[in-house]
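Structure assessment
Chain by chain, the residues:
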Amino acid sequence: MRGAKSAKWVAGAIIVAMSATACGSSDSGDGKDKGNGNKPAGYVSIDVGEPQKPLIPADTNESNGSYVIQALFTQLLDFDANGEIVYTNAESVSTEDSKTWTVKLKPGWKFHNGEAVTSQSYIDAWNWYANIKNNQQNSFWFGDIVGYDDVHPEKGEPKADKMSGLKAVDDTTFTIELKDKVPYFNYKLGYSTWAPLPKVFYDDPKAFGQKPVGNGPYKFEKWTHKKLIQVAANPDYKGPDKAANKGIQFKNYTTVEAAYQDVLSGNLDIIRQVGPTDLPKYKQDLGNGAIEQPYAAIQSLVPAFYSKTFKDIDPKVLQGLSMAIDRDTITKTVLNNTRTPATSFTPPQVKGNQDLGTDVFTYNPEKAKKLITEGGGVPENKFFIQYNSDGGHKEWVTAVCESIRKATGVDCVGDPKPDFPTDLEARDNDQVKSMYRGGWVADYPVNVNFIKELYHTNAESNNGRFSNKEIDKMMAEGDKASSLDEAVKAYQEVEKKLLEEMPAIPLWYYRINGGHGDKVDNVKVDFHGDIELTQVSTK
Amino acid sequence: MGRYVARRLLQMIPVFIGSTFLIFAMMFALPGDPVRALMGEQAYDPAVVAHIRADLGLDQPLWQQYATYLWHLVQGDFGTEIASKREISEIIAQAFPVTIRLTLFAFTFTVLVGISLGVIAGLRPDSVRDRGLLTLTLVLISMPSFVLGYLMQYLFAFQWGITTPTVQDSNNFGDLFLPAVVLGSLSLAYVARLTRTSMAENLRADYMRTAVAKGLPRRRIVGVHLMRNSLIPVVTFLGTDIGNLMTGAIVTEGIFNVQGVGKTIFDALTRREGSTVVGIASLIVLVFLLTSLLVDLLYAVLDPRIRYA
């Protein structure tokens, strides 16, 4: 029987396939107690996805990884909801001339493995982070320190492995010498990149990245990849932000919709951002658990000043385009109240945010038309807005274009790029046709962060290639100021100048639209839109 | 028979190499650099990007990168991910069992329910139950899987409280029930229709009349004579469908929070993690190749006239 023989082969293949999957299931059999939804009592769960990279403070800047890093590590200082400095591991950070800074640590702090946190823990960590050989994404944050160029040359191998600007005075005191005056340097220290590292790190950075040992309010417990990261409250923690709960579970969800369903059914405590489909009804669903709060982030339209459309454009045209956008209506309808209309180049949560006393950000079709005509109009009467179509931007870009077209008759078309990497590549290579969608979240709550990093001629994120010598000079002067207040004031002047030159059209500030279930309480949001996990209490 | 199988298995090698190269070249051609994309929209240092790219060999030409990749692959090394620095074999070992389990579950559901429905309807063409089946399958075919997914989620989890709305543990068969049913329902409709049509057709065939005339019991006529011949188109469909079930589950995986292959490959693609995409895609190519071989062998089981030398 031919058929019977063939049947034997088929049966054989099926057995092989079955046993292969059986292997698979026995593998995951022991994974069962590692990665399921069982949550220890007193723990809080939140939808924070898989960190992109290993958990090393200076190699993390995306939000998932930052959440975990912030739970595990504490740097010298932090900010309260108003953006004011709160000292955490440092007792004080002081300076006389904005150039040499003295850090005093609080005594008696320990890493989770019992090692003492000393001046050397900070200095060694910062030297390691800054070294080009270690490929740390945030290494440029250390660029203000004397000796940075020795460990991080633009090309070639480092000449030294220590920055000469860092000196330990004793176990709890060290000094930081900067290349130039940076009056707001202490604000930069609030970024999680400045965290210290214990000695075990240097033995095996790779293993450490999977199982970090920090000095923060939580201790690392386990990381089941793509499913869950669990941290437990550190009972010996001495900082002001001691955990009010017993631990945190960071759970990875494939979609925000799935996470939302789990909040509704009580399988998840906190959701950071409700998806667009659930936005219209989330307040009704969650009641008191709904969170809606603005934070320090801005979205703008950035003209490419090298493009055919906006090369040597009269700023009046850009002001006109800005006035042709009906921000109020668009934020309320298309964006479902997830944004607040912008009234300046900086969000209200940062130091130095000011009322510019202008109508450039107010919808006014007649004046918009007038300004555009006065400024000589948009070349070819048409421009493009580049955006990445995987980020939910299509709807508002279409609405903005519609608004501009109706108000001024200038043709505006969306230029979608399939995903974020493609979008970034076009920006980096100066291939933006006329404008792109720009976004910026505060690194530290000072107006400088929203001005210098975006509109200085040499700023890395200045992808519109805006360049104005006078503005650069004003910024340089602001950096020379001897106190933070003076620097902030100087940058306020820069902002007024920006309004005249229009290096970007600010659209709106972000809001967080999240929520929590009824098993947790006291869910607050910090200035850059992260949930203050240490304060969350369980019922 | 053995030689035939051996030949087919050998033929898979060039197909496998060719397809990995194609996928590799496509990933290479895509705009967007994985290392640059890691830096996101915030400030970054181009020197670090250049340094990482040099360390990973991303600055080399395509052929050299591919040669290195293939050389590592034949040694059983799938490479490491650029961002997470995890072994890709580890990522595959985590995602595949989940997907295979989901697929098998959905597939069994499709086969059992689909063929039974098809047989029930096909034996009495144009009867009320036949019409009923046609209507039901029409609904399933025209309903997008996310509609069905959300509907099931709403009914089973929120209205009746039988299950949790999402999968809490991707390794638990009970949890996978809903997503498997949603995933399998489209194929189920096709399988039911194919079975029904081919049964109805074969009912009128000469050999059926002969079998009836011989006075064979009805169970044997339907179960052996009719079924075996009618299943050939169904088996062809099912063979290709296994691959589709494995790769096409992104929507269903998303709704029910299943951490399977679909989501993994989609994420890797948007982050330009070339080695992850090529690794997973190659394995899926292998699955396709093996199931098509299996289908060819099944033909011989079902229809004794088909022989392989």
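Bear in mind the structure is a predicted one, so any value in this text is a computation, not a measurement. (Residues numbered from 1 in each chain as written. Chains lettered and ligands numbered in written order. Predicted model: local features only at pLDDT ≥ 70, side-chain atom pairs only at ≥ 80, totals over all residues.)

A short note on the domain arrangement of chain B
All names here are of chain B. Domains assigned within chain B are domain 1 (2–74) and domain 2 (92–302). Using C-alpha coordinates to define each centre, domain 1 is positioned 33 Å away from domain 2. Listed per partner, the contact involves 15 residues of domain 1 and 13 residues of domain 2. Listed by contribution, the elements that provide at least two residues to the side of domain 1 that touches domain 2 are helix 1 (2–29) and helix 2 (34–39). By residue number, the principal contributor to the side of domain 1 that touches domain 2 is helix 1, which donates nine residues. Split by residue class, the side of domain 1 that touches domain 2 holds ten nonpolar, three polar and two charged. (Domains from an automatic or database assignment. Contact = placed C-beta atoms within 7 Å. Helix = DSSP H or I, 4+ residues; strand = E, 2+ residues; numbered from the N terminus. Nonpolar A, V, L, I, M, F, W, Y, C, P; charged D, E, K, R; others polar.)

Here's the deal with the environment of Ile451(A)
Residues and elements named next belong to chain A. Residue placement: Ile451 occurs in helix 16 (residues 448–455). Judged by local crowding, Ile451 falls into the buried class, with 26 C-beta atoms found within 10 Å. Once the C-alpha coordinates of Ile451 and Asn288 are considered, the two residues, 163 residues apart in sequence, prove to be 37 Å apart. With residues up to four places along the chain from it excluded, the contact list for Ile451 reads Phe345, Tyr491, Val494, Glu495 and Leu498. (Buried ≥ 20, exposed ≤ 12 C-beta atoms within 10 Å, placed from the backbone.)

Focus: helix 7 (residues 145–159) of chain B
End to end, helix 7 of chain B covers 20 Å across 15 residues, agreeing with the expected 21 Å (1.5 Å per residue, within 8%). Here helix 7 of chain B has its buried residues at Leu148(B), Gly149(B), Met152(B), Gln153(B) and Ala157(B). The arc enclosing the buried residues of helix 7 of chain B, seen along the axis, measures out at 135°, which places them on a common side. Those residues of helix 7 of chain B that are exposed and angled more than 90 degrees off the buried face are Val147(B), Leu151(B), Leu155(B), Phe158(B) and Gln159(B). Structurally, helix 7 of chain B contributes buried residues whose contacts are with helix 9 (256–264) of chain A together with helix 8 (177–203) and helix 11 (250–256) of chain B. (Expected span 1.5 Å × (residues − 1). Arc of directions from axis to C-beta.)

Description of the interface of chain A and chain B
Opposite the 54 residues of chain A that make contact, chain B presents 55 residues. At the level of secondary structure, the elements contributing two or more residues to the side of chain A that touches chain B comprise helix 1 (2–29), helix 2 (32–35), helix 9 and helix 15 (420–428) of chain A. The element contributing the most residues to the side of chain A that touches chain B is helix 1 of chain A, with 13 residues. Classifying every residue of the side of chain A that touches chain B by side-chain character gives twelve nonpolar, 24 polar and 18 charged.

Examining the confidence of the model for chain A
On average, residues of chain A score 90 in pLDDT, and 94% of them reach the 70 mark or higher. Low confidence marks residues 22–36 of chain A, where pLDDT is under 50. Its contacts with residues over four positions away, or in another chain, come to 19 contacts. (pLDDT = per-residue confidence, 0-100.)

Quick word on the confidence of the model for chain B
Confidence in the prediction for chain B averages 87 pLDDT; 99% of positions are at 70 or higher. Here the prediction assigns the complex a pTM of 0.84, and the interface score ipTM is 0.77.

Concerning the sheet that holds strand 5 (residues 100–105) of chain A
All names here are of chain A. In spatial order, the strands read 4-5-7-6; together these four strands make up an open sheet with antiparallel pairing. Of all the strands in the sheet, just strand 4 (90–95) and strand 6 (166–170) have a single pairing partner and so form its edges. Put simply, the sheet's adjacent strands are angled 20° from each other on average, direction ignored. Where strand 6 and strand 7 (residues 173–177) come together, four bridges link them in antiparallel fashion. Looking across to strand 7, one finds that Asp170 is bridged to Thr173. With respect to the sheet, helix 4 (residues 119–130) is in contact with strand 5, strand 6 and strand 7, its orientation differing from that of strand 6 by roughly 170°. (Pairing = 2+ DSSP bridges. Axes fitted to C-alpha atoms, helices over the stretch in contact; angles between N-to-C directions.)

Considering the pairing of strand 8 (residues 218–224) of chain A
By the bridge criterion, six bridges tie strand 8 of chain A to strand 9 (residues 228–233) of chain A in an arrangement that is antiparallel. Paired with Lys219(A) across the two strands is Ala232(A), which belongs to strand 9 of chain A.

A short note on the pairing of strand 12 (residues 290–303) of chain A
Here strand 12 of chain A pairs with strand 17 (residues 505–516) of chain A via nine bridges, running antiparallel. Counted as the bridge partner of Ile298(A) is Tyr509(A) from strand 17 of chain A.

Brief notes about helix 10 (residues 218–247) of chain B
Residues and elements named next belong to chain B. Across its 30 residues, helix 10 extends 41 Å between first and last C-alpha, which sits within 8% of the 44 Å expected from 1.5 Å per residue. Remark: the principal bend of helix 10, roughly 45°, maps to Met227. The secondary structure elements touched by the buried residues of helix 10 are helix 5 (88–123), helix 8, helix 9 (206–213), helix 12 (261–270) and helix 13 (274–302). (Bend = angle between axes of the 7 residues up to and from the residue.)

Section: the packing of helix 11 (residues 315–323) of chain A against helix 13 (residues 365–374) of chain A
All names here are of chain A. Look at helix 11 against helix 13: their axes get within 7 Å of each other, and the N-to-C directions meet at 160°. It follows that helix 11 is roughly antiparallel to helix 13 by the angle criterion. The element helix 11 and its partner helix 13 pack so that their crossing is left-handed. Counting all contacts with helix 11, which are made through Lys316, Val317, Gln319, Gly320 and Met323, the residues of helix 13 involved are Lys367, Ala368, Leu371, Ile372 and Glu374. Here the residues of the contact of helix 11 with helix 13 sort into five nonpolar, two polar and three charged. (Parallel < 35°, antiparallel > 145°, perpendicular 65-115°, else oblique. Left-handed = near helix turned anticlockwise from the far one by under 90°.)

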